Every structure is written in C-alpha cells, then in structure tokens.
There are 2 protein chains.
Amino acid sequence: MARRPTLPFDPIAEARRNWSNADWGEAAEGMALVTSVMRAHQILLARVDEALSPFELTFARYEALMLLVFSSRGKLPLGKIGERLQVHPASVTNVIDRLEQHALVRRERHPTDQRTTLAAITPQGRRLAKRASEALNAAVFSQPGVGDGRVQELFDGLAELRRSAGDFEDSTERSSTF
Amino acid sequence: MARRPTLPFDPIAEARRNWSNADWGEAAEGMALVTSVMRAHQILLARVDEALSPFELTFARYEALMLLVFSSRGKLPLGKIGERLQVHPASVTNVIDRLEQHALVRRERHPTDQRTTLAAITPQGRRLAKRASEALNAAVFSQPGVGDGRVQELFDGLAELRRSAGDFEDSTERSSTF
DNA sequence: TTACAATAGTTTGAAGTCAAAGTAATATTT
DNA sequence: AAATATTACTTTGACTTCAAACTATTGTAA
C-alpha cells in the first residue's frame with residue numbers, strides 16, 4: 001500500500017462536505033460510510049497481506065486454507081468453498097490452483113459425483129495455516145486498529161449491513177465461515 | 001458477486017467461536033472485525049459497480065473522475081491522484097489509461113516539470129461523473145444497508161481505524177478526498 | 001559545473017476478482 | 001430410454017491492485 005504524508009484533516013469527512021455542497025446532502029452520510037469501508041478494507045488487507053507474506057500466502061489463500069482446517073474431514077468441494085467465502089467459482093479455481101502449486105492442498109475426485117472436485121488440505125498446509133494464524137493473531141487480530149470498546153460496536157454495525165445484503169437471516173448462530 | 005442461499009446463521013460470528021475454541025480467544029474479536037470489513041467491502045463494491053456499470057465505469061475510475069470534478073481547475077498530477085486515493089502509482093496509470101480510452105480524461109504535460117503528467121477531465125467526463133453520482137446516490141449512498149442511527153456510528157468507528165493507520169491526524173476537518 | 005539523490009510516471013509481472021462461455025456429469029422430465 | 005435441464009468446475013478475458021525495475025527529469029550536494 002502506498003505510503004503518504006499524514007494529512008492534517010480527515011479526507012472522507014471533507015468529501016462528505018463536498019457532497020453536501022453539491023446538493024447531494026441526503027446521500028452524503030452514505031457516501032462517507034461506503035468510502036470509509038473501502039478505505040478500511042484497503043488498510044486491513046495491506047496489514048494482513050504483510051503479515052502473511054513470510055508464509056508466501058495472501059489473504060484469499062489463507063481464508064481457503066482455514067476453511068479446510070476447520071472442516072471436519074479436511075476437505076471440501078470447490079463449490080462449497082466458494083459458497084462459504086462468497087467468491088466466484090473462477091476465483092476458487094484460481095486460489096486452489098495456487099495452493100496446489102505450493103503443496104498446501106491437493107485436488108481429489110469426489111467418490112460419487114464426477115462433476116465435483118474436492119480440495120483436501122495437506123499436513124504441510126495444516127502446519128502453515130497454524131503458524132500463519134499465530135502470526136496474524138499477533139500482528140493484526142489482537143490490534144485491529146480501534147479501541148476494545150469499538151470492536152464489538154463495529155462488528156454489530158457491519159453485521160447489520162451483511163444481514164441486509166442477505167448473508168444470513170438471524171442472529172442465532174450455528175455453523176461457520178471457518 | 002456470486003449469489004448464494006441465505007444462511008440461517010452468521011458465518012463470521014461462528015468463525016469467531018471457532019477461533020475461541022482454537023485457543024485464540026484473545027484475537028477472536030479482532031479476527032471477526034477484520035473479516036467483517038472484508039465482507040462489507042465485497043458487498044458494497046458489488047453494489048457500487050452494479051450501479052456504475054450502465055456508465056461503463058468502475059468504482060476506481062469513478063473515484064478518479066470525482067477527484068478531478070472537485071479539483072479547482074479540473075486537472076491534477078497523477079502523483080497527487082495516487083496520494084489522495086491512496087493507491088499505488090501503477091494503479092493510477094492504469095485507471096487514467098482507461099479513462100483516457102473512454103475520452104473522459106486527457107493527459108497533459110506539466111507547464112514547468114517534465115516529469116509530471118497532468119490528468120484533465122473532459123466536458124464529457126464531467127457530464128458522466130454527474131450522472132453517475134446521481135445514480136450512485138439513488139442506488140447505494142442513500143441506502144447503504146444500515147439504519148440511519150448506525151451510519152454515523154460506523155463512520156466514527158472506521159475513522160478511528162483510519163486515523164490509527166495514519167490517514168490523518170485530527171478530527172479538525174479541512175480539504176478533501178474529493 | 002558536475003555528480004549524485006530524489007522524484008514522477010511507466011512497464012512488467014503476479015495476484016485475485018467477476019462475467020461469460022465452455023465442457024463434462026448428473027438430475028429431471030417426457 | 002431418450003431428451004432436456006441443471007450443476008460443477010474450468011477456461012478466457014477484463015479489471016484493479018501492488019511490488020519491483022526502469023526511464024527521464026529535477027533538485028541538491030560537493
């Protein structure tokens with residue numbers, strides 16, 4: 001992520017003012033929120049990828065690995081991976097290709113359905129996932145960039161956004177992303 | 001964005017439980033927040049790109065255009081665009097290439113510094129930026145997916161995250177992203 | 001004045017995203 | 001049983017991101 005001089009003002013708050021001055025005041029708050037999420041994503045992705053780079057992993061690959069770590073048998077159909085990570089089938093193909101190239105995952109035939117490809121984590125993949133998780137916990141997850149009080153508040157707010165997008169139906173909690 | 005059946009539970013809340021059960025409890029909240037931001041970004045980017053697609057724009061191109069709309073002379077050095085949008089110089093080159101291909105922007109020489117390329121918005125670019133903004137206001141910014149009360153709360157929380165990442169120094173507000 | 005450092009942007013390569021189209025296999029309908 | 005629809009994944013192409021290296025220009029130090 002490109003580094004730059006720290007600005008003395010909040011650029012998104014000022015953009016919100018520009019929006020209001022352009023007679024789009026009603027949408028200004030929403031614009032500022034959307035832009036904030038985009039920027040927060042950029043910041044966190046850069047931090048996560050930096051923490052993962054010693055393991056030659058990216059966040060996309062790491063997420064796929066962790067899905068397999070937490071799966072009961074250490075293997076899942078590619079379609080299920082795409083469903084859980086909410087990415088396009090072509091993206092799953094791409095990520096599993098690369099994990100396979102690094103011997104962290106192996107593709108297997110489905111026992112009864114030849115349309116279906118299973119991704120199975122390897123012992124090496126499991127070990128790397130564990131070490132990468134510990135690095136991520138230390139470098140990012142234990143200090144996500146907001147105070148303790150804010151973490152739950154932000155999570156709840158973003159959960160509302162995810163629910164309204166149809167990610168899930170209720171706050172009763174069962175199975176998992178990973 | 002791939003559509004999928006709505007889950008009856010919150011996948012990220014469940015991942016947080018997995019994290020706690022794996023003895024990474026201290027980092028579980030941060031992990032859930034980071035993953036929430038990633039997913040919120042995905043949702044919002046898909047909605048924004050869908051609203052922009054009739055104009056043959058993407059969010060990256062749209063942001064660059066709006067930066068020029070709000071600039072005082074309708075033109076900026078590419079380095080300044082990268083600084084404000086907080087993207088890599090190569091990304092700016094790429095986005096300006098495409099805006100140029102669509103005749104929405106023109107590259108110009110700097111009057112006194114031959115290292116510097118200026119991006120100047122065209123009349124056609126201005127018109128499209130306005131129409132695209134109106135479409136975005138209607139489709140996304142006026143209904144970002146959380147209730148009115150939550151918008152400011154989320155904005156404030158994400159501002160804390162951006163500040164801690166060095167985006168800006170204080171909450172006194174001056175100039176702008178765009 | 002010259003040599004060196006820094007800046008601005010471009011090019012190349014890698015990574016991951018999605019849309020569309022294609023291939024192969026399975027499920028359903030007739 | 002055969003035809004048709006659907007599913008699962010892959011391939012291709014477009015888009016955007018960043019890292020590293022490169023080229024050209026300007027600024028600074030000696």
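Residues numbered from 1 in each chain as written. Chains lettered and ligands numbered in written order. Predicted model: local features only at pLDDT ≥ 70, side-chain atom pairs only at ≥ 80, totals over all residues. Heavy atoms only, no water.

1. With respect to the domain arrangement of chain A
All names here are of chain A. Our working definition: Each domain's limits were defined by an automated method or a database of domain assignments. Contacts were defined at the residue level, with two residues in contact if any of their heavy atoms lie within 4.5 Å. By convention, the term buried area covers the 1.4 Å-probe accessible surface removed from two parts as they join, with the contributions of both added. Pairs of N or O atoms within 3.5 Å make up the polar contacts considered here, provided that, within protein, one atom can donate a hydrogen while the other can accept it, and that residues adjacent in sequence are counted only when both atoms are side-chain atoms. Three classes are used: nonpolar for Ala, Val, Leu, Ile, Met, Phe, Trp, Tyr, Cys and Pro, charged for Asp, Glu, Lys and Arg, and polar for all others, with Gly counted as polar.
Considered domain by domain, chain A is made up of domain 1 (11-55) and domain 2 (56-140). Each of domain 1 and domain 2 has a C-alpha centre, and the two are 30 Å apart. In this complex, domain 1 contributes 9 residues to the contact, which on the side of domain 2 involves 12 residues. Counting the surface lost from both domain 1 and domain 2, the interface buries some 960 Å², and carbon and sulfur atoms represent 72% of this. The largest contributions to the domain 1 side of the interface with domain 2 come from Val48, Leu52 and Phe55, which together make up 64% of the buried area. Linking domain 1 to domain 2 there are 6 residue pairs in polar contact (both at pLDDT 80 or more). Split into classes, the residues belonging to the side of domain 1 that touches domain 2 amount to 6 nonpolar, 1 polar and 2 charged.

2. Considerations on the protein's contact with DNA strand C
Test applied: Only heavy atoms are used to decide nearness, and a residue is near a molecule or strand if one of them lies within 4 Å of it. Only DSSP runs of H or I with at least four residues qualify as helices, and only runs of E with at least two residues qualify as strands; both kinds are numbered from the N terminus onward.
Near DNA strand C lie 26 residues; those nearest to it are Thr58(A), His88(A), Arg98(A), Gly79(B) and Thr93(B). Between His88(A) and DNA strand C, the recorded distance is 2.7 Å, taken from a backbone N or O atom to a phosphate oxygen. One of the side-chain nitrogen or oxygen atoms of Ser91(A) is found 3.0 Å away from a phosphate oxygen of DNA strand C. Elements supplying a minimum of two residues to the surface near DNA strand C: helix 3 (59-70) and helix 5 (89-101) of chain A together with helix 3 (78-85) and helix 4 (89-101) of chain B. In terms of residues, the surface near DNA strand C owes the most to one element, helix 5 of chain A, which gives 5 residues.

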